[in-house]
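Okay, here's what each chain looks like letter by letter:
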Amino acid sequence: MSENLGFSHQFVAGSSDRTLLLLHGTGGDERDLLSLGRYLDPEAALLSPRGQVLENGMPRFFRRLAEGVFDEKDLIGRTNELADFLQQAATHYAFDQKKLRAVGYSNGANIAGALLLLRPEILRGAALLRPMVPLIPERLPDLTSSSVLVVAGNQDPVVPLEKARELVTLLRRAGADIAVYFEDAGHALTNNTVETTKRWLIEARRK
Ligand code: MLT
């Protein structure tokens, strides 16, 4: 039985030194993105934690006050908790944290964004699928060695387009190497989102 390390999670070993951190959306769990992760990188180890907050029984990574309105104090605490878990997991599973890239969807993309903004040492990069600005940090981090993909939907009813654009501006100001795709889609992931992410991951590991 695998140790919990403070988060219910799944770890699947890989055949390379890369690890993908998979962060599910609201109502998902640690099993949700495993097959997507394996498709995105057949050789990476996969680490998939379950969000610790329950909203009407649905797991999330942090509390919100309404759709798109976040409980910032909770978000900061949960981001640090997740970052600490990732550091422990790197030791426990002996993976190279410098090669840890996140793939987050919706609420999972928002906590991945918060990790970049508050704990920039944790991730090498992140694919943020249908994200918005999680919070504006007091001081911008130095993200010059992080690469970030943002894939937003032009008709996303959950994430207004300007919220995704604001995030891109914020990450750019922090120096991240950023690729952005606005696709003709809503909030759900499309084949195009998946293929774009797969291509970006291949590019990112060449850098
Ligand atoms: C969030 O709460 O993180 C965003 O509104 C996306 C969602 O989970 O619905």
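Our subject in this report is the structure included herewith. (Residues numbered from 1 in each chain as written. Predicted model: local features only at pLDDT ≥ 70, side-chain atom pairs only at ≥ 80, totals over all residues. Heavy atoms only, no water.)

## A look at the overall build of the chain
For the chain, the count of helices and strands is 5 helices and 11 strands. Since a compact globule built from 207 residues should have a radius of gyration of about 17 Å, the 15 Å found for the chain is in line with a globular shape. Along the first, second and third principal axes, the C-alpha set of the chain runs to 40 × 40 × 35 Å. Here the chain holds 207 residues, and 53% of them are scored as buried. Counted over contacts in the chain with a minimum sequence separation of 6, partners at least 24 positions apart contribute 70%. With the model as given, the accessible surface of the chain reaches about 9400 Å², and the carbon-plus-sulfur share is 48%. (Helix = DSSP H or I, 4+ residues; strand = E, 2+ residues; numbered from the N terminus. Rg over C-alpha atoms; globule rule 2.2 N^0.38 Å. Buried < 20%, exposed > 50% of the residue type's maximum accessible area, 1.4 Å probe, protein only. Contact = heavy atoms within 4.5 Å. Areas by Shrake-Rupley, 256 points an atom, 1.4 Å probe, with all protein chains shown as cover.)

## Let's talk about empty space enclosed by the protein
All chains considered together, the criterion is met by 2 cavities of 30 Å³ or more. Reported here for the largest cavity is a volume of approximately 50 Å³. In terms of lining, the largest cavity is formed by Arg18, Thr19, Leu20, Asp41, Ala44, Lys99, Arg101, Leu201 and Arg205. In this model, the second largest cavity occupies a volume close to 40 Å³. Around the second largest cavity, the lining residues are Phe7, Gln52, Val53, Arg60, Phe61, Arg78, Glu81, Leu82 and Ile111. In terms of residues, the lining of the second largest cavity owes the most to one element, helix 2 (residues 72–92), which gives 3 residues. The residue makeup of the lining of the second largest cavity, split by class, is 5 nonpolar, 1 polar and 3 charged. (1 Å grid on protein atoms, 1.4 Å probe; cavity = no way out; pocket = protein on both sides within 12 Å on 5 of 7 lines; lining within 4 Å. Points joined across faces, edges and corners; volume = space filled by probe spheres on them. Nonpolar A, V, L, I, M, F, W, Y, C, P; charged D, E, K, R; others polar.)

## A word on the nonpolar core
Core analysis: the biggest nonpolar cluster contains 46 residues, and Leu21, Leu86, Leu123, Leu128 and Leu171 have the highest contact counts within it. The contact partners of leucine 128, leaving out residues within four places of it in the chain, are Gly104, Ala109, Ala112, Gly113, Leu116, Val148, Leu149, Val150, Val151, Leu167 and Leu171. Core analysis: the second largest hydrophobic core is formed by 18 residues, Leu22, Ala44, Val103 and Tyr105 among them. (Core = buried A, V, L, I, M, F, W, Y, C linked by side-chain atoms within 4.5 Å.)

## Here we look at the site of the ligand
Residues in close proximity to the ligand include Thr26, Arg60, Phe62, Arg64, Gly68, Phe70, Ser106, Asn107, Asn110 and Val158, which together make up its full environment. Between the ligand and asparagine 107 there is a distance of 2.9 Å, counted from an oxygen atom to a side-chain nitrogen or oxygen. Taking asparagine 110, its side chain carries an N or O atom lying 2.8 Å from an oxygen atom of the ligand. Out of a free accessible area of 260 Å², the ligand has 95% covered by protein chains. The class makeup of the residues in the shell around the ligand is 3 nonpolar, 5 polar and 2 charged. (Near = heavy atom within 4 Å. Polar contact = N/O pair within 3.5 Å; in protein donor to acceptor, adjacent residues only side chain to side chain.)

## A closer look at the packing of helix 2 against helix 3 (residues 107–118)
Helix 3 packs onto helix 2 with a crossing angle of 80° between their chain directions and a minimal axis gap of 10 Å. Classified by the angle their axes make, helix 2 and helix 3 are roughly perpendicular. Contact with helix 2, carried on its side by Leu75, Ile76, Arg78, Thr79, Leu82, Ala83 and Leu86, involves Ile111, Ala114, Leu115 and Leu118 of helix 3 and no other residues of that element. In the contact of helix 2 with helix 3, the residues fall into 9 nonpolar, 1 polar and 1 charged. (Axes fitted to C-alpha atoms, helices over the stretch in contact; angles between N-to-C directions. Parallel < 35°, antiparallel > 145°, perpendicular 65-115°, else oblique.)

## Concerning the pairing of strand 10 (residues 147–153)
In terms of burial, strand 10 is a largely internal element, 7 of the 7 residues being buried. Burial of strand 10 is two-sided: the residues Ser147, Leu149, Val151 and Gly153 facing one way and the residues Val148, Val150 and Ala152 facing the other way are all buried. Across 5 bridges, the pairing between strand 9 (residues 125–129) and strand 10 is parallel. Note that in strand 10 the partner of glycine 125 across the bridge is serine 147. Bridge count for strand 10 against strand 11 (residues 177–183) is 7 bridges, and the pairing is parallel. Pairing of valine 150 across the sheet is with valine 180, part of strand 11. At this point the chain moves from strand 10, through helix 4 (residues 161–173), to the parallel strand 11, and the crossover so formed is right-handed. (Pairing = 2+ DSSP bridges. Right-handed = clockwise from strand over helix to strand, strands pointing away.)

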